[in-house]
Amino acid sequence: MLSLRNIQKSFGDHHVLRGIDLEVAKGEMVCLIGASGSGKSTLLRAVNLLDPVDDGEIWFDGVDIAEPGLDPQPIRQRIGLVFQSFNLFPHMSAAENVMLAPRRVKGLSRAAQRGRVEELFDRFGLGHRIDHYPDQLSGGQQQRVAIIRALAMQPDILLFDEITSALDPELVAEVLDVLRSLRAEGMTMILATHEMGFARELADKVCFLESGRILEEGTPAQIFDAPREERTRQFLSQVL
Amino acid sequence: MTKADENPAMPGRRAQYEAALRRRSMWVAGVSTSLVFLAILVLVPLAPGWEAVKKSFFNWGVFSKTFPGLLDAFLLDIAIFAWCAPLIALLGLFVAICRDIQKPALYPLRLFATVYTDVFRGLPVILVIYLVGFGIPGLGLPRPWNSPYIWGSLALILVYAAYVAEVIRSGIGSIHKSQSSAALSLGLSNADTMRYVILPQALRNVLPANMNLVVALQKDVALLSFVGPVEIFRQAGVYKSLYANFTPYVGAALIFLAITIPMTRFADHLMNKRRKQEQ
């Protein structure tokens, strides 16, 4: 479904991605792990076309979306991204946050969406919060709304950029439960994460990033129990 | 069991101390203010020219005769203000958006917006009013297009829209980039991102700053008197000549203050509310 080849990206003199290759099959969950600054977030933002890559190919559904000059808008509608800091629109209620993009992009009226949106809120335990504003919600609730907002566009693939890193520890579980439920449903997902337990439990594939390269990839068992690379071992011993 | 548990209504030591401090400072402020006012009331009438000033600026007879006429003339100020303000808001918004346009085909708009704000913020208001207010009717336009109301108002609109545009642009700049990232990541267009996500937040952030411009505009309407309209300042001038007395100007000042002070207070109130929200 998604195939990255030799992705290169620099910010000024800083060479952030140095040739990433990655295959993601439909329905797979891939976890990117690695230290801060290893390029996980940049990679996700590149796939969503927020920070276009300098070189390399991103094949998505038979099209190279890294092609310079390609209109990013229709691609982004099919590749959702959830941010570490939620980035809800503070001047809109939770429901309005969710309904804005389908309304403007797909032309679905509020009335046409409301039923489905209410279902989504109910499903993730937020039925009673649907008309609240972001500043009336806890961090965990805000992040769940942000996930619903991405889901409402019915994307083919969802990217999660360290979505539990800004949360108090006791709120992490409620957000991970949402991911678990999406996993069960067969959603294709790529996560940049520090939640090693979660990655081990649910990922199909774990990639260890180091200085803009995928140093090692494999099943959770391979990476967590028998890492081949010394750097991977070092990193895991620090975080586990 | 502590004292607070026995009697929850009993204020703590800190609260008692602060209450005493507050009473003390209110007392000091009250006394010093009274002393200053007393000094003014006693000393000013002792000035050698006071009797003359009193007669020509604070003449009750002239005041009561001219005040209703001044109020009438002030209606024109309000009317000019009322049709200028919405046009200023629209033009200011348009120019602010033009300045951030990225599309190369629309570069002329961006250039125009930049030159426009530079020029009109760089000129004294009164100069623009003279140039536009006298210059354009001088082209020999037919009625009603030679009216000083139209061209004087246009001058005000041009100048104030330039300031409003800069204020709005600073508001757009104050919205964190993560907001547009989130909107774009959902597949929204650049235009929709601006319209639904960035602008509503930006405009709310700069509301207090724009309120200050509203107050300034209300005052600057008086400048139109130089190109013709008999609004309150001009009317006061007419009365001054008629009665050979300056009291009508004091009357006009009071009328302006009656409008602008509440507006200024309201702007401050908005500013404080904003600051509290940001904490």
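First things first, this report covers the structure right here in the doc.

## Some words on the packing of aromatic side chains
Residue and element names in this part refer to chain B.
Step number 1: Tallied over the entire structure, the rule returns 14 aromatic pairs over all chains.
Step number 2: Judged by centre distance (5.4 Å) and plane angle (80°), the rings of F74 and F256 are edge-to-face. Residue F74 is located in helix α4 (residues 60-99), and its partner F256 is located in helix α12 (residues 247-278); the two are separated by 182 residues in the primary sequence.
Step number 3: By relative accessible area, which is 4% here, F74 ends up buried.
Step number 4: Judged by relative accessible area, F256 falls into the buried class, the value being 14%.

## Observations concerning the side chain of S180 of chain B
Residue and element names in this part refer to chain B.
Step number 1: By the element assignment, S180 lies in helix α8 (residues 177-185).
Step number 2: According to the relative accessible area criterion, S180 is buried, its value standing at 18%.
Step number 3: Of note is the side chain of S180, whose polar atom sits 3.0 Å from the backbone oxygen of K177.
Step number 4: Sequence-distant contacts of S180, that is, excluding residues within four places in its chain, are made with T193 and I198.

## Focus on the sheet that holds strand β8 (residues 188-192) of chain A
Hydrogen bonding along the main chain pairs the strands of a sheet, whether they run parallel or antiparallel.
Residues and elements named next belong to chain A.
Step number 1: Strand order in this open sheet of six strands is β6-β7-β8-β3-β9-β10, and the pairing throughout is mixed. Of all strands in the sheet, those with a lone pairing partner are β6 (79-82) and β10 (213-218), marking the two edges. With strand direction ignored, the average angle separating the axes of adjacent strands in the sheet is 20°.
Step number 2: Summarising the sheet, β6 and strand β7 (residues 157-161) pair through four bridges and their orientation is parallel. Paired with V82 across the strands is F160, a residue of β7.

## Some remarks on the layout of surface pockets
Step number 1: Estimates place the volume of the largest pocket at around 1,200 Å³.
Step number 2: In this structure, the largest pocket is lined by 42 residues; those nearest its centre are Q102, L184, S189, N190 and A191 of chain B.
Step number 3: At the level of elements, α1 (40-47) and α2 (72-76) of chain A together with α4, α8 and α9 (190-205) of chain B are the ones that each hand at least two residues to the lining of the largest pocket.
Step number 4: Sort the elements by how many residues they give to the lining of the largest pocket and α9 of chain B lands first, with seven residues.
Step number 5: Looking at the lining of the largest pocket residue by residue, the classes come out as 22 nonpolar, nine polar and eleven charged.
Step number 6: The computed volume of the second largest pocket comes to approximately 650 Å³.
Step number 7: Put simply, the parts of the chain that give the lining of the second largest pocket at least two residues each are α8, α9 and α12 of chain B.
Step number 8: Split into classes, the residues belonging to the lining of the second largest pocket amount to six nonpolar, eleven polar and four charged.

Basis of the calculations
- Residues numbered from 1 in each chain as written.
- Chains lettered and ligands numbered in written order.
- Predicted model: local features only at pLDDT ≥ 70, side-chain atom pairs only at ≥ 80, totals over all residues.
- Heavy atoms only, no water.
- Phe/Tyr/Trp six-rings, centres within 6.5 Å; stacked < 30°, edge-to-face > 60°.
- Helix = DSSP H or I, 4+ residues; strand = E, 2+ residues; numbered from the N terminus.
- Buried < 20%, exposed > 50% of the residue type's maximum accessible area, 1.4 Å probe, protein only.
- Polar contact = N/O pair within 3.5 Å; in protein donor to acceptor, adjacent residues only side chain to side chain.
- Contact = heavy atoms within 4.5 Å.
- Pairing = 2+ DSSP bridges.
- Axes fitted to C-alpha atoms, helices over the stretch in contact; angles between N-to-C directions.
- 1 Å grid on protein atoms, 1.4 Å probe; cavity = no way out; pocket = protein on both sides within 12 Å on 5 of 7 lines; lining within 4 Å.
- Points joined across faces, edges and corners; volume = space filled by probe spheres on them.
- Nonpolar A, V, L, I, M, F, W, Y, C, P; charged D, E, K, R; others polar.

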